[in-house]
Amino acid sequence: MHEKEVVDAVTMKRALTRITYEIIERNKGIQDIVLVGIKTRGIYIAQRIAERLKQLEQIDVPVGELDITLYRDDLGEKASEATVNDSSIPTSIEGKQVILIDDVLYTGRTIRAALDAVMDFGRPEKISLAVLVDRGHRELPIRADFVGKNIPTSKEEEITVEMEEIDNIDRICILKN
């Protein structure tokens, strides 16, 4: 495996700041927003965006955590071994603007599962998608509303997002065989 860093900590912070400003602009304020991070790294991205929103708009935006394990369509025989790491959304999402947040958008299957999971919590007015990285290769008609970085890849490559909270470093790498 050959690893190449394509985004460093400073560039990652800029990408998250850009997403934050776009969220404010497109939603004409942030009063009815609920950020929902997809486990695991999506949660940390959501928390960072919420912190930035508080700095810019002086409003605390609720942040939820979504575990999509049992909603995945690729579990197969592994379904009986699947563990659920508890989803939690600290407020009602009825009539709210929910922004799903994930680290990498690839085939779209994770987001499809996340949409199913969110709907079990209620019926938001609108659901948007924010991702740190869009790497292409969609298998479902899903696109992100907010993208930190577009990083085109081949199917043989892999994108890894490392975050200070769990990896002790902020960076994005491409892994090649």
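What counts and how
Residue numbers run consecutively from 1 along every chain, following the written order of its sequence. Thresholds applied to this predicted model are a pLDDT of at least 70 for local features of residues and 80 or more for the giving and counting of side-chain atom pairs; totals over whole chains, interfaces and linings are not thresholded and use all residues. No hydrogens and no water enter the side-chain calculation; it runs on all heavy atoms of the structure. Two strands are counted as paired when DSSP detects at least two bridges linking them. A run of DSSP states H or I qualifies as a helix once it reaches four residues; a run of E qualifies as a strand once it reaches two. Both are numbered from the N-terminal end. Fitting a line to C-alpha atoms yields each axis, with helices limited to the stretch in contact; the angle taken between N-to-C directions then spans 0 to 180 degrees. Should any heavy atoms of two residues lie within 4.5 Å, those residues are counted as being in contact. UniProt positions are given in the numbering used here, feature names are shortened, and annotations may be inferred rather than shown by experiment. A carboxyl oxygen of Asp or Glu within 4 Å of a side-chain nitrogen of Lys or Arg is what we treat as a salt bridge. Residue exposure (1.4 Å probe, protein chains only): buried if accessible area is under 20% of the type maximum, exposed if over 50%, otherwise partly exposed. Two N or O atoms count as a polar contact when they lie within 3.5 Å, although within protein this holds only if one can serve as hydrogen donor and the other as acceptor, and sequence-adjacent residues are included solely when both atoms are side-chain atoms. To form a nonpolar core, buried Ala, Val, Leu, Ile, Met, Phe, Trp, Tyr and Cys residues must be joined to one another through side-chain atoms within 4.5 Å.

Asker: Can you tell me about the sheet that holds strand β8 (residues 171-176), naming the residues and giving the values?
Answerer: With antiparallel pairing, the three strands of this open sheet are ordered in space as β1-β8-β7. Lying at the two open borders of the sheet, with one neighbouring strand each, are β1 (2-7) and β7 (158-162). On average, adjacent strands in this sheet sit at an angle of 30° to one another, irrespective of strand direction. Where β7 and β8 come together, five bridges link them in antiparallel fashion. What sits directly across from E162, in β8, is R171. Lying on the sheet, helix α1 (residues 9-27) is in contact with β1, β7 and β8; it crosses β1 at an angle near 50°.

Asker: So what's going on with the UniProt feature "short sequence motif: PRPP-binding" (unreviewed entry) in the protein? Which residues, and what values?
Answerer: Within the UniProt annotation, "short sequence motif: PRPP-binding" (unreviewed entry) is assigned to residues 98-110. Strand forms 62% of residues 98-110 and helix 15%; the C-alpha atoms that close the span are 16 Å apart.

Asker: Provide a residue-level description of the pattern of salt bridges, including the pertinent values.
Answerer: Scanning the model with the defined rule gives 14 salt bridges in all. With its nearest N and O atoms 2.8 Å apart, the salt bridge here joins R48 to D170. Here R48, found in helix α2 (residues 41-57), pairs with D170, found in the loop between α4 (164-167) and β8; they are 122 residues apart in sequence, far enough to count as distant. Its relative accessible area of 14% is what places D170 among the buried residues.

Asker: Quick rundown of the environment of Q55? Include the residues and the values.
Answerer: By the secondary structure assignment, Q55 is in helix α2. Within the structure, the side chain of Q55 is placed 2.8 Å from the side chain of R52, a separation counted as a polar contact.

Asker: Report on the nonpolar core, specifying residues and quantitative values.
Answerer: Judged by nonpolar contacts, the single largest core of 30 residues is most densely connected at L35, I49, L132, V161 and I172. With near-sequence residues (within four places) excluded, L35 lies in contact with A46, I49, A50, L53, V61, P62, V63, G64, I99 and I101.

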